[in-house]
Amino acid sequence: MTTRFSLSDLEAIVAERAKASPETSWTAKLVEKGQARAAKKLGEEAVEAVIAAVSGDRRELVSESADLLYHLLVVLKIADVPLQEVLEELEGRTVRSGLEEKASRKT
C-alpha cells in the first residue's frame, strides 16, 4: 500500500485541531495543557516506540511510531517551530557523513 499522506499533511491537521475545543479534540487538549505536558507525552511515546523496537513487535512499532510523530508535531506546534525548519536542519546535515556532522557538533 502506498500513501500520499505526509508529515506536512499531519502538521496541517495538528494546526487545525489545535484551534478546536479541548472538549472535542485531543490535540487542543494537549495544546491547552501546555508544552510541559505535551513534551512529557512525547517522551512516553518515544519510550513505547523503543520498547516495541526492542521486542521485535513490528505492528506495535508502527503504531507507536505514528504516536511519536504525532506528539512531536504537537510539541513543535506549541513551540511555534514549523516542520519545514526541522526538515531544513536535516537537509543541512546530509551534506556530509553522519559521523562528520555529529563530530562537528561537539565543538
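Residues numbered from 1 in each chain as written. Predicted model: local features only at pLDDT ≥ 70, side-chain atom pairs only at ≥ 80, totals over all residues. Heavy atoms only, no water.

Asks: Pulling in residues and values, what's your account of the overall build of the chain?
Replies: The helix and strand tally for the chain stands at six helices and zero strands. Listing each helix as α and each strand as β along the chain from the N terminus yields α-α-α-α-α-α. Along the first, second and third principal axes, the C-alpha atoms of the chain reach 50 × 35 × 30 Å. Residues counted as buried form 22% of the 107 residues belonging to the chain. A total of about 7,800 Å² of accessible surface is found on the chain, and carbon and sulfur atoms cover 57% of it. (Helix = DSSP H or I, 4+ residues; strand = E, 2+ residues; numbered from the N terminus. Buried < 20%, exposed > 50% of the residue type's maximum accessible area, 1.4 Å probe, protein only. Areas by Shrake-Rupley, 256 points an atom, 1.4 Å probe, with all protein chains shown as cover.)

Asks: Describe the packing of helix α1 (residues 7-18) against helix α4 (residues 58-78), naming the residues involved and giving the relevant values.
Replies: Contact geometry for α1 and α4: axes closest at 10 Å, N-to-C directions at 55°. Regarding the angle of α1 to α4, the classification is oblique. Like other packed secondary-structure pairs, α1 and α4 cross with a definite hand, here right-handed. Contacts between α1 and α4 involve L7, L10, E11, V14, A15 and A18 from the first element and L69, Y70, L73, V74 and K77 from the second. Partitioned by chemical class, the residues of the contact of α1 with α4 number nine nonpolar, no polar and two charged. (Axes fitted to C-alpha atoms, helices over the stretch in contact; angles between N-to-C directions. Parallel < 35°, antiparallel > 145°, perpendicular 65-115°, else oblique. Left-handed = near helix turned anticlockwise from the far one by under 90°. Contact = heavy atoms within 4.5 Å. Nonpolar A, V, L, I, M, F, W, Y, C, P; charged D, E, K, R; others polar.)

Asks: Go over a nonpolar patch on the surface, please, and point to the residues and values.
Replies: A contiguous nonpolar patch, built from L7, L69 and L72 and spanning about 220 Å² of accessible area, is present on the exposed surface. Residue position: L72 is located in helix α4. A residue is classified by how much of its surface remains accessible, and L72, at 35% relative accessible area, is partly exposed. (Patch = residues over 30% accessible without salt bridge, like charges linked within 9 Å, V, L, I, M, F, W, Y side chains within 5 Å. Salt bridge = Lys/Arg side-chain N within 4 Å of Asp/Glu carboxyl O.)

Asks: Mind laying out the side chain of K41, listing which residues take part and the relevant values?
Replies: In this structure, K41 sits in helix α3 (residues 35-55). Ignoring sequence-local partners within four residues, the contact set of K41 consists of W26 and H71.

Asks: Break down α3 for me, citing the residues and quoting the values.
Replies: The terminal C-alpha atoms of α3 lie 30 Å apart, and with 21 residues this matches the ideal 30 Å at 1.5 Å per residue to within 8%. Buried positions along α3 lie against α2 (26-33) and α4. Of the residues trailing α3, G56 is marked for its positive phi of about 80°. (Expected span 1.5 Å × (residues − 1).)

Asks: Please set out α2 residue by residue, giving values where relevant.
Replies: Among the residues of α2, those classed as buried are T27, A28 and L30. Along the axis of α2, the buried positions cluster into a sector of 160°, meaning they face one direction only. Exposed side of α2, more than 90 degrees from the buried face: E32 and K33 are the residues found there. On the buried face of α2, the contacting elements are α1, α3 and α4. Two or three places before T27, at the start of α2, stands the capping residue S25, its side-chain oxygen 3.3 Å from that residue's backbone nitrogen. (Arc of directions from axis to C-beta. Polar contact = N/O pair within 3.5 Å; in protein donor to acceptor, adjacent residues only side chain to side chain.)

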